[in-house]
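Descriptive structure summary
One letter stands for each residue in the lines below.
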Amino acid sequence: MSLDEHRTDFLDALLARDSARARGVVEAALENGTPVPDLYLSVLAPALREVGHRWAMGELNVAEEHYATAIAQSILDGLSRRLPRAERDGRLAVVTGTPGEQHALGARMVGDFLEADGWEVIQLGPGVPAEDLFALVEREQPDLVALSTATAGALDGVAEVLGGLARLSPRPFVVAGGQVWTASTRSTALELGADHVEQDPRQLVAYLYERIPPPG
Ligand code: B12
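Since we're looking at a predicted model, the values are computed, not measured. (Residues numbered from 1 in each chain as written. Predicted model: local features only at pLDDT ≥ 70, side-chain atom pairs only at ≥ 80, totals over all residues. Heavy atoms only, no water.)

With respect to the side chain of S80
Structurally, the position occupied by S80 is in helix α4 (residues 62-82). Residue S80 is classed as buried on the basis of its relative accessible area, which comes to 8%. Non-local contacts of S80, meaning those with residues more than four positions away in its chain, are made with Y40, R85, R108 and D112. (Helix = DSSP H or I, 4+ residues; strand = E, 2+ residues; numbered from the N terminus. Buried < 20%, exposed > 50% of the residue type's maximum accessible area, 1.4 Å probe, protein only. Contact = heavy atoms within 4.5 Å.)

Printed below as a string of structure tokens:
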């Protein structure tokens, strides 16, 4: 079965409110040899995007969207444990949503990809106040801060956090990602102080391997 078929089956199961079937689709895909990262990026993420689209079109209500997200999140928890992980290589990342952002799964996926590539990851989830993030970054001095933003309404939080991180010394490398950054908006993230804008967690780890190589 192709990834497209797995994605369609997974989405159908979410929409049918059938968590056992959704889990079964993922298990079958794993048994077929589908790599865990492909399940993250080509099955779970696009299925949720479609759920969001149907919600925006008025075809699903908030309860149905929440249910689909909750199933996907619990499946992601299980998949995360099956992601092949490299030995920690000494690089430290902080991964979080920007202030005001409630969407959690994108940042979670980014953290998992970094860990799989050898990074130690401080995964903060969404909703950390900017001041507390700055204090953590000053204390831990991570090599990287990866920020996730999905909603246009959260842009004030983006400006606050990028501005504050830029004033820290030493200043960490800052990557902005998430759905809000499109071809036409990515320049805003760079103007506000991000060092790099990326959407694809797989591309991010490849880029960082060159930009911030493991020490030694
Ligand atoms: C689930 C969901 C919610 C849940 C989130 C629960 C949770 N615990 O995460 C809840 C109910 C809280 C929610 C709330 C809202 N939501 Co909502 N939500 C979604 C939905 C359906 C799925 C999000 C998701 O998890 N996707 C799967 C993840 C894996 O995808 P992702 O976040 O895009 O991440 C991928 C990439 O973007 C990337 N990435 C993400 N971050 C980063 C960071 C870095 C550094 C890198 C490299 C990559 C990267 O990697 C991921 C893998 O590919 C989306 C639909 C969609 N299009 O995604 C809408 C969506 C994001 N929500 C939307 C909206 C409008 C809202 C609300 C404003 C609704 C409201 N009126 O209250 C609020 C906003 C709350 C807030 N302030 O943040 C809109 C955003 C539109 C916009 N651009 O502004 C969307 C697109 C729905 C739509 N079609 O309109 N939502």
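Having seen it, we continue.
A few points about the site of the ligand
If you check the shell around the ligand, you find 35 residues, and the closest are Q102, H103, A104, S148 and Q179. A distance of 2.7 Å is found between a nitrogen atom of the ligand and a side-chain nitrogen or oxygen belonging to H103. Among the elements of the structure, α3 (36-56), α4, α5 (105-116), β3 (144-148), β4 (173-177) and α9 (201-211) are those that each provide at least two residues to the shell around the ligand. Tallying contributions element by element places α3 first for the shell around the ligand, with eight residues. Shared between two domains, the shell around the ligand holds at least three residues of each, these being domain 1 (3-82) and domain 2 (92-211). (Near = heavy atom within 4 Å. Polar contact = N/O pair within 3.5 Å; in protein donor to acceptor, adjacent residues only side chain to side chain. Domains from an automatic or database assignment.)

A closer look at the domain arrangement of the protein chain
For the protein chain, the assigned domains are domain 1 (3-82) and domain 2 (92-211). Relative placement of domain 1 and domain 2: their C-alpha centres are 25 Å apart. On the side of domain 2, nine residues touch domain 1, which itself brings twelve residues to the contact. Buried area between domain 1 and domain 2, both sides added, is near 980 Å², and the carbon and sulfur share of it is 66%. (Buried area = accessible area lost by both parts, 1.4 Å probe.)

Some remarks on the coordination of the cobalt atom of the ligand
A lone protein donor binds the cobalt atom of the ligand: H103 (NE2), at 2.2 Å. Mapped onto the elements of the fold, H103 is located in the loop between β1 (92-97) and α5. (Donors = N, O, S within 2.8 Å, 3.2 Å for Na, K, Ca; no water.)

Examining the side chain of H6
Here H6 lies in helix α1 (residues 3-15). Among the residues examined, H6 registers a relative accessible area of 1% and is labelled buried.

Points about a negative patch on the surface
Taken together, E131, D132, D156 and E160 make up a surface patch of like negative charges. Elements that contribute at least two residues to the negative patch include exactly α6 (130-140) and α7 (155-166). Secondary-structure assignment places D132 in helix α6. (Patch = residues over 30% accessible without salt bridge, like charges linked within 9 Å, V, L, I, M, F, W, Y side chains within 5 Å. Areas by Shrake-Rupley, 256 points an atom, 1.4 Å probe, with all protein chains shown as cover. Salt bridge = Lys/Arg side-chain N within 4 Å of Asp/Glu carboxyl O. Lys, Arg positive; Asp, Glu negative; His and termini not counted. Charge placed at Lys NZ, Arg CZ, Asp CG, Glu CD.)

Let's talk about the packing of α3 against α4
Running from amino to carboxyl end, α3 crosses α4 at an angle of 175°, the nearest separation of the two axes being 10 Å. Of the possible angle classes, the one that applies to α3 and α4 is roughly antiparallel. Between α3 and α4, the residues in contact are V36, L39, Y40, L44, L48, V51 and W55 and V62, E65, A68, T69, A72, I75, L76, L79, S80 and R82, respectively. For the contact of α3 with α4, a count of residues per class yields 13 nonpolar, two polar and two charged. (Axes fitted to C-alpha atoms, helices over the stretch in contact; angles between N-to-C directions. Parallel < 35°, antiparallel > 145°, perpendicular 65-115°, else oblique. Nonpolar A, V, L, I, M, F, W, Y, C, P; charged D, E, K, R; others polar.)

Considering the sheet that holds strand β2 (residues 120-125)
Strand pairing within a sheet occurs via backbone hydrogen bonds; the two strands may be parallel or antiparallel. Within the open sheet, the five strands sit side by side as β2-β1-β3-β4-β5. Their pairing is parallel. Strands at the two margins of the open sheet, each flanked by one partner only, are β2 and β5 (196-197). (Pairing = 2+ DSSP bridges.)

Focus on the environment of S74
Considering the arrangement of structural elements, one finds S74 in helix α4. Separated by 51 residues in sequence, S74 and R23 have C-alpha atoms that sit 9.4 Å apart. A polar atom in the side chain of S74 sits 3.1 Å from the backbone oxygen of I71.

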